[in-house]
Amino acid sequence: MSSTFGRIHATVARIPPGCVATYGDIALHLGMPHGARTVGWAMRQCPQGLPWHRVINAEGKSSLRGKSRERQYTLLAQEGVVTDRRGRIDLEQYRWQEI
DNA sequence: TGCGTGACTTGAC
DNA sequence: CGTCAAGCCACGC
């Protein structure tokens, strides 16, 4: 798993319950300051067992559409991650800091 | 080897 | 505060 693809998945797998990370954060952690899109591209694979729902965009929202988006918010809510009245997740509060 | 595509981000208008 | 455009990276064809 030395490919960028594998490193992205490995990083996402490390996100603890109750926390979230943005695509940009993960990309930056892997040394790609502008590789946020690559992270999203890798997440499209969605390997089973990966906490994909803990990955959101820089706006604090889900980048998914339709039903998948609702499922992501539901899973996050089950971990205690709630959205503010504007429908956004407070990154200052839930952002994974041990990255 | 080269081009299109995408679960992004940021800066202008 | 909403919309638009450009930049950037890896992968598949």
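Before reading on, note that the structure itself is shown above.
This write-up is about the structure you can find in this document. (Residues numbered from 1 in each chain as written. Chains lettered and ligands numbered in written order. Predicted model: local features only at pLDDT ≥ 70, side-chain atom pairs only at ≥ 80, totals over all residues. Heavy atoms only, no water.)

## What to know about the overall build of chain A
Turning to step 1, where the next piece is worked out: Of regular secondary structure, chain A possesses five helices and two strands.
Turning to step 2, where the next piece is worked out: The order of helices and strands in chain A, counted from the N terminus, is α-β-α-α-β-α-α.
Turning to step 3, where the next piece is worked out: Since a compact globule built from 99 residues should have a radius of gyration of about 13 Å, the 13 Å found for chain A is in line with a globular shape.
Turning to step 4, where the next piece is worked out: When its C-alpha atoms are laid out on the principal axes, chain A stretches across 40 × 25 × 20 Å.
Turning to step 5, where the next piece is worked out: Scored against the burial criterion, the 99 residues of chain A give a buried share of 38%.
Turning to step 6, where the next piece is worked out: Contacts in chain A between residues far apart in sequence, at least 24 positions, make up 59% of those at least 6 positions apart.
Turning to step 7, where the next piece is worked out: Carbon together with sulfur atoms contributes 48% to the accessible area of chain A, which is approximately 6300 Å² in total. (Helix = DSSP H or I, 4+ residues; strand = E, 2+ residues; numbered from the N terminus. Rg over C-alpha atoms; globule rule 2.2 N^0.38 Å. Buried < 20%, exposed > 50% of the residue type's maximum accessible area, 1.4 Å probe, protein only. Contact = heavy atoms within 4.5 Å. Areas by Shrake-Rupley, 256 points an atom, 1.4 Å probe, with all protein chains shown as cover.)

## Side note on the protein's contact with DNA strand C
Turning to step 1, where the next piece is worked out: If you check the shell around DNA strand C, you find Thr4, Phe5, Met32, His34, Gly35, Arg37, Thr38 and Trp41 and nothing else.
Turning to step 2, where the next piece is worked out: The sugar-phosphate portion of DNA strand C accounts for 70% of its atoms within 4 Å of the protein, the bases making up the rest.
Turning to step 3, where the next piece is worked out: The side chain of Arg37 places a nitrogen or oxygen atom 3.3 Å from a base oxygen of DNA strand C.
Turning to step 4, where the next piece is worked out: At 2.7 Å, a side-chain N or O of Thr38 approaches a base oxygen of DNA strand C. (Near = heavy atom within 4 Å. Polar contact = N/O pair within 3.5 Å; in protein donor to acceptor, adjacent residues only side chain to side chain.)

## Here's the deal with the nonpolar core
Turning to step 1, where the next piece is worked out: Judged by nonpolar contacts, the single largest core of 16 residues is most densely connected at Ile8, Val12, Ile15, Ile26, Val39, Met43 and Val55.
Turning to step 2, where the next piece is worked out: In this view, Ile15 contacts Val20, Ala21, Pro51, Arg54, Val55 and Trp96; residues no more than four positions away in its chain are not counted.
Turning to step 3, where the next piece is worked out: Residues Ile56, Tyr73, Leu91 and Tyr94 belong to the second largest nonpolar core, which totals eight residues. (Core = buried A, V, L, I, M, F, W, Y, C linked by side-chain atoms within 4.5 Å.)

## Considerations on helix α4 (residues 67–78)
Turning to step 1, where the next piece is worked out: For α4, built from 12 residues, the straight-helix expectation of 16 Å at 1.5 Å per residue is met to within 8% by its first-to-last C-alpha distance of 17 Å.
Turning to step 2, where the next piece is worked out: Turning to α4, the residues buried within the fold contact β2 (55–56).
Turning to step 3, where the next piece is worked out: Immediately downstream of α4, the backbone of Gly80 shows phi near 95 degrees, a positive value. (Expected span 1.5 Å × (residues − 1).)

## Examining unusual backbone geometry
Turning to step 1, where the next piece is worked out: Of note, the phi angle at Cys46 is positive, near 45 degrees, even though the residue is not glycine.
Turning to step 2, where the next piece is worked out: Secondary-structure assignment places Cys46 in the loop between α3 (36–43) and β2.

## As for the packing of aromatic side chains
Turning to step 1, where the next piece is worked out: Enumeration over the complete set of coordinates arrives at one aromatic pair.
Turning to step 2, where the next piece is worked out: An angle of 75 degrees between the planes, with centres 5.8 Å apart, marks the rings of Phe5 and Trp41 as edge-to-face. Of this pair, Phe5 sits in helix α1 (residues 4–13) while Trp41 sits in helix α3, and the two are 36 residues apart along the sequence.
Turning to step 3, where the next piece is worked out: Note on Trp41: relative accessible area 48%, which makes it partly exposed. (Phe/Tyr/Trp six-rings, centres within 6.5 Å; stacked < 30°, edge-to-face > 60°.)

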